[in-house]
Amino acid sequence: MAHLALTPALQQQLQQWLNEDLGRGDLTAAALASSNGEARWLAKQAGVFCGGQLAKTLFQMLDPQAKVELLVSDGEKVAAGQCLIALGGKASALVGAERTALNLAMHLSGIATATAALVEQLVGTGVRLADTRKTTPGLRVFEKYAVRCGGGTNHRLGLDDAAMLKENHLAWGGGINQAVAAVRNSAPWPARVIVEAETAAEANAAVQAGADAVLLDEFKLDELQQLVPQLRALAAARGVPIWLEASGVNPNHLQGYANTGIDLISTSAAITRSPWLDISMRFSTNAANCP
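In this report, we go over the structure that sits alongside the text. (Residues numbered from 1 in each chain as written. Predicted model: local features only at pLDDT ≥ 70, side-chain atom pairs only at ≥ 80, totals over all residues. Heavy atoms only, no water.)

1. Focus: the sheet that holds strand β12 (residues 279-283)
Where we set the bar: For two strands to count as paired, DSSP must find a minimum of two bridges between them. Secondary structure elements are taken from DSSP: a helix is a run of H or I of four residues or more, a strand is a run of E of two residues or more, and numbering for both begins at the N terminus. Between N-to-C directions, angles cover 0 to 180 degrees, with each direction set by a line fitted to C-alpha atoms, over the stretch in contact for helices. A contact between two residues is defined here by any heavy atoms of the two lying within 4.5 Å.
The sheet built from 4 strands is open, its strands ordered β3-β5-β1-β12 with antiparallel pairing. The sheet terminates laterally at β3 (67-70) and β12, the two strands that pair on one side only. Averaged over all pairs of adjacent strands, the angle between strand axes in this sheet comes to 15°, irrespective of strand direction. On top of the sheet, helix α3 (residues 91-121) reaches β1 (36-43), β5 (83-90) and β12; it is set at about 160° to β12, its chief contact.

Have a look at this one:
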């Protein structure tokens, strides 16, 4: 199962999002006086759940004594109508954190659900599905966690994780050889060097330059079928391994690309094209009684 460490920085981020919604104070709290309440979260459609631990943290930020029972784990498939979380505590805290917690969980569950559907296409191929840096500013750690919950893998969390030399780097850095050498000579810690290639000539040059990986961007399926074996042979002749990635791939045709012999498919689709998974919170006379 995927894991997310709730560091002090992430907890502070959650608190800021709560504060954004609460503003100067919840004007509806007066109607609740000091009453307690019980509630449950229900999945209104099937998918992969993500965000339970974050929801628990948010509710307990407003009511440290709140009882938050996670009935399903992050990364678990859920059915429409299934109960996800049982809640109990100060009614003002339950409604105060409700929108922030639901928004985050619905967004992340949508990403996890979309990722799982893409990963399903790759079952049996040995090829993994990775995300990209096309994430919502401020949400990257959470969105990439959702990708892991859906069975995907994370590519780079940021620019310090690996050096990916793209078209602008190559144009402004003097070409593939110079750009790869510059990164190799200046990186302050061990780091993979990835070259994004848009042509077969660039891909071959990247292998010759000693890149650790080549990202083959927007190649047609038949082009990859010819190019991948060539790059493997070139790397073998140099006595070095090479990691081959494909991007710019139609998400509906992943299996065909996987069968070309590449190692990884990276796509932003799971994050940038996924709809939220519909989840609701409803009051209950007994939150433990879920359908």
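Following the structure, the description resumes.
2. Thoughts on the pattern of salt bridges
Basically, it comes down to this: When a carboxyl oxygen of Asp or Glu lies within 4 Å of a side-chain nitrogen of Lys or Arg, that pair is called a salt bridge.
With the rule as written, the count across this model stands at 6 salt bridges. Among the ionic pairs, K144 bridges to D131, the shortest N-O distance being 2.8 Å. Residue K144 is located in helix α4 (residues 140-149), and its partner D131 is located in the loop between β6 (128-130) and α4; the two are separated by 13 residues in the primary sequence.

3. Quick word on α3
Convention followed: How far a helix is expected to stretch is found by multiplying one less than its residue total by 1.5 Å. Here the bend at each residue means the angle between axes fitted to two seven-residue stretches, the one ending at that residue and the one beginning there.
Between its first and last C-alpha, α3 extends 44 Å over 31 residues, near the 45 Å set by a 1.5 Å rise per residue. At E98, α3 is bent by approximately 45°, the largest bend along its length.

4. What to know about the nonpolar core
Here is the rule: Take the buried residues of types Ala, Val, Leu, Ile, Met, Phe, Trp, Tyr and Cys, join any two whose side-chain atoms come within 4.5 Å, and each joined set is a nonpolar core. Burial classification: accessible surface area is computed with a 1.4 Å probe over protein chains only, and a residue below 20% of its type maximum counts as buried, one above 50% as exposed, and the rest as partly exposed.
Ranked by internal contacts, the top residues of the largest apolar core, which has 40 residues, are W41, F49, F59, L84 and L87. When residues of this core are traced back to their parent elements, those giving at least two are α1 (8-22), β1, α2 (52-62), β5, α3, α4 and β12. Residue contributions to this core peak at 10 residues, all from α3. Listed in part, the 39 residues of the second largest apolar core include L118, L231, I242 and I262.

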